[in-house]
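# Summary of structural features
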Amino acid sequence: MRILVAGATGVVGHPLVDALRARGHQVSALVREESRARAPEADAIVVADALDREALLAAVTDVRPEVVVHQLSALRLLRDDPPEAFAQTARLRTEGTANLLAAARAAGARRLVAQSIAFAAAPTGDPVVDEDAPLYLDAPDPGWAATVRAVAALESQVLAGEPELRGLVLRYGALYGPGTAYARTGGTGQRVLAGKLPLPEGGTGITSFLHVEDAVGAAVAAVESEATGAFHITDDEPAPAAQWLPHFAHALDAPPPRTVPAAMAPRLLGWFMAHQLTSAAGASNARARTELGWKPVRPSWRDGLGQE
C-alpha cells in the first residue's frame, strides 16, 4: 500500500517508517523543513508543516497515500519547554488533525490511523478501565484538562464515521524505551537517578506501560487491518506506582525513592505526576487483542523498564 507517516521523525514515527517498508509498503515520510535532516529513509520525503493547511494539502495530494498515519506531536520540546510542548501538541491534535484529515480526503486516502493516549481516563474508582471509560475532561489542573480536551477532539474527528475515510485511534500507554521520558537520559529517568521522584504513600496510581517497539507493531497492525474505533495499546500488566517506581529506580542503579505523604505530592511533584502516582487508572488492552489482533511482544514493563 501507499502510506504516509506524519510525524516521521518522532520516537514512534521514525521506526514505524522502517517497519512498514520492511513489510513491502511504499512509505512517504512527512516532516517539517527544520526536521528534514532527521528524516528516516523512506520512498519519498514530504516536507510540510501540519499546521499550514494549504501546504499540507498540496504535499499530501502529490503522493496520493491510501493510508495516512498520524503520529504528530511536539513532545520533543518537553525537556526544554514543557508548556510549549503541551501547547503545540494540543494544536497538532486539534488543528493539525483537521488539516491532516482534509489532506487525506483530498488525496483520496481510504484510511487514517492516529495516535492518542491511554492515560486520559477520569479516575472513576476502577483500577483498570476499557475504552468506554469517560475522559478526564474536567480535571482540576487546567493544563491537563486542556490536554484531555485536545485528545477528545482528535478522537472525535478521526472516528467521525466517514465511510470514505475509515478512522482508527491507537491509545498508547506510557511509552518506555529509547528516546522516551523513561529512558536513562529521559526526563523521568533523570529525576529518578537524581532521587527527585519520591513515592507518595500508598503509591496506588496505576500506569499502563508500552515499549516503543510494541507501539510500532500496533501501528503496523492498524494500517493493515480493516478495524475501526479506539484501542488501548498497552502491555499486559497495569502497575501501581508502589511496584513500578522502586523497580525503575533499581534498574537504573538509582537510590530507592523516598516516601512522602500523599497530600504533599501535588506540591512536590506537580499535579500530573501526583495524579499518575496516586489516582490514575490503568488501561486494558483486551479490545486490541480481540478486534485488532495485536498483542505486545513485551507483555510486562518488568522486562525492560529502565533498560535500553
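Quick look at the structure, then. Remember, predicted model here, so these are calculated numbers, not experimental data. (Residues numbered from 1 in each chain as written. Predicted model: local features only at pLDDT ≥ 70, side-chain atom pairs only at ≥ 80, totals over all residues. Heavy atoms only, no water.)

### A few points about the overall build of the chain
Looking only at helices and strands, the chain has 10 helices and 15 strands in total. Expected size for 308 residues packed as a compact globule is a radius of gyration near 19 Å; at 19 Å, the chain falls within 12% of this value. Dimensions of the chain, computed from C-alpha atoms along their principal axes, come out at roughly 55 × 35 × 35 Å. Of all 308 residues assigned to the chain, the portion counted as buried reaches 51%. A sequence separation of at least 24 residues applies to 76% of the contacts in the chain between residues at least 6 apart. By element, 52% of the accessible surface of the chain is carried by carbon and sulfur atoms, the whole surface being about 12800 Å². (Helix = DSSP H or I, 4+ residues; strand = E, 2+ residues; numbered from the N terminus. Rg over C-alpha atoms; globule rule 2.2 N^0.38 Å. Buried < 20%, exposed > 50% of the residue type's maximum accessible area, 1.4 Å probe, protein only. Contact = heavy atoms within 4.5 Å. Areas by Shrake-Rupley, 256 points an atom, 1.4 Å probe, with all protein chains shown as cover.)

### A closer look at the nonpolar core
If you look at the biggest cluster of nonpolar residues, it comprises 32 residues, and the most contacted ones within it are Val5, Leu170, Ile233 and Leu292. Counting residues per element, the ones that place at least two in this core are β1 (2–6), α1 (13–22), β2 (26–31), β4 (67–70), β7 (166–172), α6 (212–224), β12 (229–233) and α10 (286–292). Once residues within four sequence positions are removed from consideration, Val5 is found in contact with Gly13, Leu16, Val17, Leu20, Val27, Ser28, Ala29, Leu30 and Val69. (Core = buried A, V, L, I, M, F, W, Y, C linked by side-chain atoms within 4.5 Å.)

### Considerations on the packing of aromatic side chains
With the rule as written, the count across this model stands at 11 aromatic pairs. An angle of 55° between the planes, with centres 6.4 Å apart, marks the rings of Phe119 and Phe272 as tilted. With Phe119 in the loop between β5 (111–117) and β6 (128–129) and Phe272 in helix α9 (residues 271–278), this residue pair connects regions lying 153 residues apart in the sequence. For Phe119, a relative accessible area of 29% gives the class partly exposed. Ring centres of Trp144 and Phe272 lie 4.5 Å apart, and the angle between their planes is 45°; this geometry places the pair in the tilted category. (Phe/Tyr/Trp six-rings, centres within 6.5 Å; stacked < 30°, edge-to-face > 60°.)

### Looking at helix α7 (residues 241–251)
Given 3.6 residues per helical turn, the α-helix brings residues three or four places apart onto the same face. All of the buried residues along α7 are Ala241, Trp244, Leu245, Phe248 and Ala249. Angularly, the buried residues of α7 cover 130° about the axis, an arc narrow enough to put them on a single face. Tucked inside the fold, the buried residues of α7 contact α5 (187–193), β9 (199–200), β10 (206–207), β11 (209–211), β13 (239–240) and α9. Taken from the residues just after α7, Asp253 is the one with a positive phi, measuring 55°. (Arc of directions from axis to C-beta.)

### Some remarks on the sheet that holds strand β3 (residues 44–47)
Here seven strands make up an open sheet; going across it, the order is β3-β2-β1-β4-β5-β7-β12 and the pairing parallel. A strand with exactly one partner marks an edge of an open sheet, and here the two such strands are β3 and β12. With strand direction ignored, the average angle separating the axes of adjacent strands in the sheet is 20°. Across five bridges, the pairing between β1 and β2 is parallel. By the bridge assignment, Ala6 is partnered in β2 with Leu30. (Pairing = 2+ DSSP bridges. Axes fitted to C-alpha atoms, helices over the stretch in contact; angles between N-to-C directions.)

### Some words on α9
Three or more residues of α9 are buried, namely Met273, Ala274, His275, Gln276 and Leu277. Summarising the contacts, the buried residues of α9 are in contact with α5, β9, β10, α7 and α8 (265–269).

Purely geometric stuff here, so don't read any function into it on its own.
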